[in-house]
Amino acid sequence: MNRTWWKEGIVYQIYPRSYKDSNGDGVGDLNGIISQLDYIKSLGVDIIWLCPVYQSPNDDNGYDISDYYNIMDEFGTMDDFDRLLSEMKQRGLRLVMDLVANHTSDEHQWFLESREKDSPKRDYYIWRDGVDGAAPNNWQSIFSGSAWKYDEIASQYYLHLFTKKQPDLNWENPAVRQGIYDVMKFWLDKGIDGFRMDVISVISKKNYEDSPYPALNDTISKVYANGPKIHEYLQEMHQEVMSKYDMMTVGEGPGISLETGLSYVDEARKELNMVFHFDHMFIDHGAGGKFDVVPYDFVHFKQVFAKWDELLRGRGWGSIFLGNHDFPRIVSRFGNDGDYWSQAAKLLATMLLSLRGTSYIYQGDEIGMTNVAFDSIEDYDDVETHNSYQEEVVEGGRDLEDFMKAVHIQARDNARTPMHWSNEENAGFTDGNPWLKLNPNYPKINVAAQQEDDASVLNYYRKMVRFRKAHLTLVYGDFEMLAPDHQQLFAYRRWDEGGEYVIAHNFSEQESTLALDNIATYEKAIGNYPDHQIKDGQVQLRPWESIIYQKK
Ligand code: TEU
Ligand code: CA
């Protein structure tokens, strides 16, 4: 594949609300991010993906935008933004912003006007009459309840696949599409380097017939996602916007699967550069959704990565991530946050940075931040958690303790507790009252403590980032899974004309072994244990050991 900056660039994702507060109001902000740019640079990453910073009433923490052309008051001003961008450029860092184009806030000017029957903006959203005094169809919101809300002023129902305060835009309307392209150009002309596109898979609606599927996840992937005009819209967007800039795009979306993935990222199609699929993110969701936690199969987990690599090989580009602001902390979810916390966090770093595709690191994972378990539902902020609580516990009668157990495992706030900078009060995140409680383990897990410790998770991330950048075979080289049926080991070979590597991760507390042909022709390059063991021609992996062998 031809080389580009966004293929070999390593992305660091920032959730601004929780990164660093500069003015003591308890909310992270742009000046806070500016103050940490040297830290970010020290990780060796190249690109920052900034979650939404636009004007928003924060029903869904910035994913409900009321003005695409202004910065959220809590985060700062446009001057602060411009300064952030120029400070980043000075450090050779690129900026990718979040584009939320499936919906706006119900406080966006377009929506306010759209509610008036005769307004020229009426058709900017999806308005329908009710059926027999009820919603137009049986569609469920991804954040609980009906996906339709009756509006008194409009005298009709509007569609909201997410919260009631996130009405879906009508992409059938060319003026809406142009409106979004204008937004994109405004930010690109300021000098940003691309977009992560929120739920781009659902912008084209099928028909508005009832969903036949009882499980919401099936309705999402089979009814909401990959609508009939999705590719027409993305190709138009490419022509109008992407083709005119040196930029990167990564489309996020439920329902993007092995069957549909290539239709978004096949280079010949001129749509998106990459997608975030959820095949490994929904792996422990039962029929009742994310708070219906089911055990997952490790072999299946490995297959997700192997199959996506095979699908994209030579045709499109992948994105390698294990978590983000919507999912639990990676070390708690896929690793071990107990006795082997440090080893597991480093193992996941090795995995993220040794697969083919662009690597995405979510803030705090570079120090091994873990899930949190607040006692009370009141301590949670996220609208998704609260809506599920209302639906499942208050209305549905689910046992509260049982629900809270699931919340501790799955809540999005696990990833949203403020960043741990030091062991000072509130982890050095704020001098004020934090908008969300901190994880009480911050005195143990924080940046300051790990800075100087050569064996820390943080310094391992730095080493591993450097290693990937120095060995581009890990970025572009071919991939083959080894021992595919192994129940503890995820092992693979990466190779191209530049070199050959064998990589093995032991996802367990048991010792595991990997048989390696011609073992003498390999040498250890990097790993999360200071030494390594070979016995009887087999690689011995201790609990949560991760190792990269290089062909001599
Ligand atoms: O998330 C898309 C999405 O489908 C989420 O509902 C995801 O499945 C869920 O969070 C898992 O529990 C994007 C954003 O990343 C998310 O923060 C927003 O809330 C959502 O879109 C609506 O804009
Ligand atoms: Ca602040």
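Since this is a predicted model, take the numbers as computed values, not measurements.

(A) Layout of the coordination of the calcium ion (ligand 2). Donor atoms from the polypeptide that coordinate the calcium ion (ligand 2) comprise D21 (OD), N23 (OD1), D25 (OD), V27 (O) and D29 (OD), at 2.2 to 2.3 Å from the metal. Assessed through its relative accessible area of 37%, D25 is described here as partly exposed. Under the relative-accessibility criterion, V27 is labelled buried at 4%.

(B) View of the domain arrangement of the chain. Taken domain by domain, the chain holds domain 1 (1-99 + 318-372 + 417-476), domain 2 (109-159), domain 3 (175-317), domain 4 (379-410) and domain 5 (477-551). One C-alpha centre belongs to domain 1, the other to domain 3; they are set 22 Å apart. Contact with domain 1, which involves 41 residues of that partner, is made by 45 residues of domain 3. Here domain 1 and domain 3 share 6 salt bridges between them. With a closest N to O distance of 2.8 Å, K190 and D82 form a salt bridge. Scanning the region where domain 1 abuts domain 3 turns up 20 residue pairs in polar contact (both at pLDDT 80 or more). Those elements giving two or more residues to the side of domain 1 that touches domain 3 turn out to be α1 (5-8), β2 (47-50), β4 (67-71), α4 (78-90), β5 (94-99), β15 (358-362) and α17 (473-476). At 6 residues, the largest contribution of residues to the side of domain 1 that touches domain 3 is made by β5.

(C) Geometry of the site of ligand 1. Surrounding ligand 1, one finds 20 residues, the nearest of these being D60, D198, K290, D326 and E384. Note that an oxygen atom of ligand 1 is positioned 2.9 Å from one of the side-chain N or O atoms of H103. E384 places a side-chain nitrogen or oxygen 2.7 Å from an oxygen atom of ligand 1. Isolated, ligand 1 exposes 490 Å² of accessible area, and the fraction of that covered by the protein chains is 98%. By residue class, the composition of the shell around ligand 1 is 8 nonpolar, 3 polar and 9 charged. Counting residues domain by domain, the shell around ligand 1 receives three or more from each of domain 1 (1-99 + 318-372 + 417-476) and domain 3 (175-317).

(D) Structural detail: the nonpolar core. With 152 residues, the main nonpolar core has Y12, Y39, I40, F81, M184, W187 and F195 as its most contacted residues. Ranked by residues supplied to this core, first place goes to helix α12 (residues 341-352) with 8 residues. Not counting the four nearest positions on each side in its chain, I40 is found in contact with Y12, I14, Y19, V45, I48 and L93.

(E) Expanded view of the sheet that holds strand β11 (residues 274-276). The strand order across the open sheet formed by 8 strands is β11-β10-β9-β5-β2-β1-β15-β14, and the pairing between neighbours is parallel. Looking at which strands have only one partner, the edges of the open sheet turn out to be β11 and β14 (319-320). Across 4 bridges, strand β9 (residues 194-197) lies against strand β10 (residues 248-252) in parallel orientation. Within β10, the residue paired with G194 across the bridge is M248. Relative to the sheet, helix α6 (residues 174-190) contacts β5 and β9, its axis offset from that of β9 by approximately 135 degrees.

(F) Inspection of the side chain of Q450 at higher detail. With respect to the secondary-structure elements, Q450 resides in helix α15 (residues 447-451). Q450 has contacts with W341, E366, I367, I445, S456, V457, L458 and N459, leaving out every residue within four places of it along the chain.

(G) Spotlight on the packing of aromatic side chains. Counting across every chain of the model gives 43 aromatic pairs. Seen in terms of ring centroids, Y296 and F334 are 6.0 Å apart; in terms of plane orientation they differ by 80 degrees. Their pairing is edge-to-face. One end of the pair, Y296, is in the loop between β13 (289-293) and α10 (298-312); the other, F334, is in the loop between α11 (330-333) and α12, with 38 residues separating them in the sequence. Judged by relative accessible area, which is 2%, F334 ranks as buried. Among the aromatic residues, ring-to-ring pairing joins Y296, F298, F301, F305, F334, F479, F490, Y492, F507 and W544 into one connected group. Over the ring of W317 we find K7, and its NZ or CZ is 5.4 Å from the ring centre. The aromatic ring of W495 is capped on one face by R493, whose charged end is 4.0 Å from the ring centroid.

Reading the values: rules and limits
Residues numbered from 1 in each chain as written. Chains lettered and ligands numbered in written order. Predicted model: local features only at pLDDT ≥ 70, side-chain atom pairs only at ≥ 80, totals over all residues. Heavy atoms only, no water. Donors = N, O, S within 2.8 Å, 3.2 Å for Na, K, Ca; no water. Buried < 20%, exposed > 50% of the residue type's maximum accessible area, 1.4 Å probe, protein only. Domains from an automatic or database assignment. Contact = heavy atoms within 4.5 Å. Salt bridge = Lys/Arg side-chain N within 4 Å of Asp/Glu carboxyl O. Polar contact = N/O pair within 3.5 Å; in protein donor to acceptor, adjacent residues only side chain to side chain. Helix = DSSP H or I, 4+ residues; strand = E, 2+ residues; numbered from the N terminus. Near = heavy atom within 4 Å. Areas by Shrake-Rupley, 256 points an atom, 1.4 Å probe, with all protein chains shown as cover. Nonpolar A, V, L, I, M, F, W, Y, C, P; charged D, E, K, R; others polar. Core = buried A, V, L, I, M, F, W, Y, C linked by side-chain atoms within 4.5 Å. Pairing = 2+ DSSP bridges. Axes fitted to C-alpha atoms, helices over the stretch in contact; angles between N-to-C directions. Phe/Tyr/Trp six-rings, centres within 6.5 Å; stacked < 30°, edge-to-face > 60°. Lys NZ or Arg CZ within 6 Å of the ring centre and 35° of its normal.

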